[in-house]
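Here is how the chains run, residue by residue.
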Amino acid sequence: MPNSLFAFRGSPLRQMEHIVTGSTPQDLDPFHCPPIRLRPASRDDLPALYEMQLDPESNAMAVTNPRVGEAFTTHWDKVFQDSSAVPMVILLSERVVGLVACFYAGQSHSIGYWVQRDFWGQGIATEALRMLLQNVSVRPLYAQAATSNKASLRVLQKCGFQIDVVRLEPACDRYPECEVAHLVLV
Ligand SMILES: CC(C)(COP(=O)(O)OP(=O)(O)OC[C@H]1O[C@@H](n2cnc3c(N)ncnc32)[C@H](O)[C@@H]1OP(=O)(O)O)[C@@H](O)C(=O)NCCC(=O)NCCS
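Residues numbered from 1 in each chain as written. Predicted model: local features only at pLDDT ≥ 70, side-chain atom pairs only at ≥ 80, totals over all residues.

Caption draft 1: Examining the site of the ligand more closely. Around the ligand sit 20 residues, and of these Ala62, Ala125, Thr126, Lys150 and Ala151 come closest. The set of elements that each furnish at least two residues to the shell around the ligand consists of helix H4 (56-62), strand E5 (108-115), helix H6 (124-135) and helix H7 (150-158). Ranked by the residues each element gives to the shell around the ligand, the list is headed by H7, at five residues. Residue composition of the shell around the ligand, by class: 11 nonpolar, seven polar and two charged. (Near = placed C-beta within 6 Å. Helix = DSSP H or I, 4+ residues; strand = E, 2+ residues; numbered from the N terminus. Nonpolar A, V, L, I, M, F, W, Y, C, P; charged D, E, K, R; others polar.)

Spelled out as structure tokens, the structure:
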């Protein structure tokens with residue numbers, strides 16, 4: 001068990017067991033992100049999350065293969081059993097419009113996110129990641145994005161992540177072969 005897990009299981013995780021609200025309306029740029037909230041993902045969210053991660057355009061952008069059928073169920077069974085995982089759905093007017101998550105992968109804590117395509121370009125991913133980072137204090141935090149995924153790299157850059165290394169990664173079940181930027185937030 002990694003040493004840092006205890007820090008991760010402390011107050012940051014406890015806070016994330018509750019709904020997290022974003023900026024107050026007066027803090028919001030009226031032309032930017034609409035008011036979103038985060039709440040822990042539950043099994044009731046899985047049908048919406050399943051549809052969202054099947055979207056071909058989203059997968060082309062993320063350079064991912066969607067998880068189909070049992071692969072999706074198996075993945076989420078593992079997530080719900082993993083006490084180090086912090087999967088939060090992004091709510092806009094009570095509707096699930098995305099997912100932002102922190103999880104322990106390999107040797108390190110990493111983050112990921114996904115926004116439903118109809119809601120792209122409104123600052124939602126940036127705001128949701130900012131809210132997650134305010135409530136998860138463990139550092140360093142890692143992220144990765146295909147170098148072709150300029151939107152995701154921009155989200156990460158706006159939240160303070162910096163590129164550590166760029167590598168050509170081989171294909172696997174989840175990803176086709178692609179050039180991947182590995183980023184870190186210290
Ligand atoms: C990547 C993704 C999460 C972005 O979500 P979003 O809510 O639209 O992101 P935001 O609106 O917060 O910010 C996007 C930023 O990228 C910029 N951007 C968007 N498309 C871009 C492009 N093709 N090139 C460069 N920048 C781009 C936007 O202008 C914005 O930056 P700005 O605020 O400086 O103008 C969303 O497109 C998505 O879910 N894609 C599919 C899944 C995915 O790629 N997940 C991440 C895997 S690493």
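Caption draft 2: Focus on unusual backbone geometry. A cis geometry characterises the amide bond from Arg139 onward to Pro140, with omega recorded as 0°. Positioned with a positive phi, Val63 is a non-glycine residue whose angle comes to about 55°. One non-glycine residue, Ser93, adopts positive backbone phi at about 50°. Within the element layout of this structure, Ser93 appears in the loop between strand E3 (86-92) and strand E4 (95-105). In this structure Ser93 comes out as exposed when scored by C-beta crowding, with 9 C-beta atoms within 10 Å. (Buried ≥ 20, exposed ≤ 12 C-beta atoms within 10 Å, placed from the backbone.)

By themselves, these figures tell us nothing about what the structure is for.
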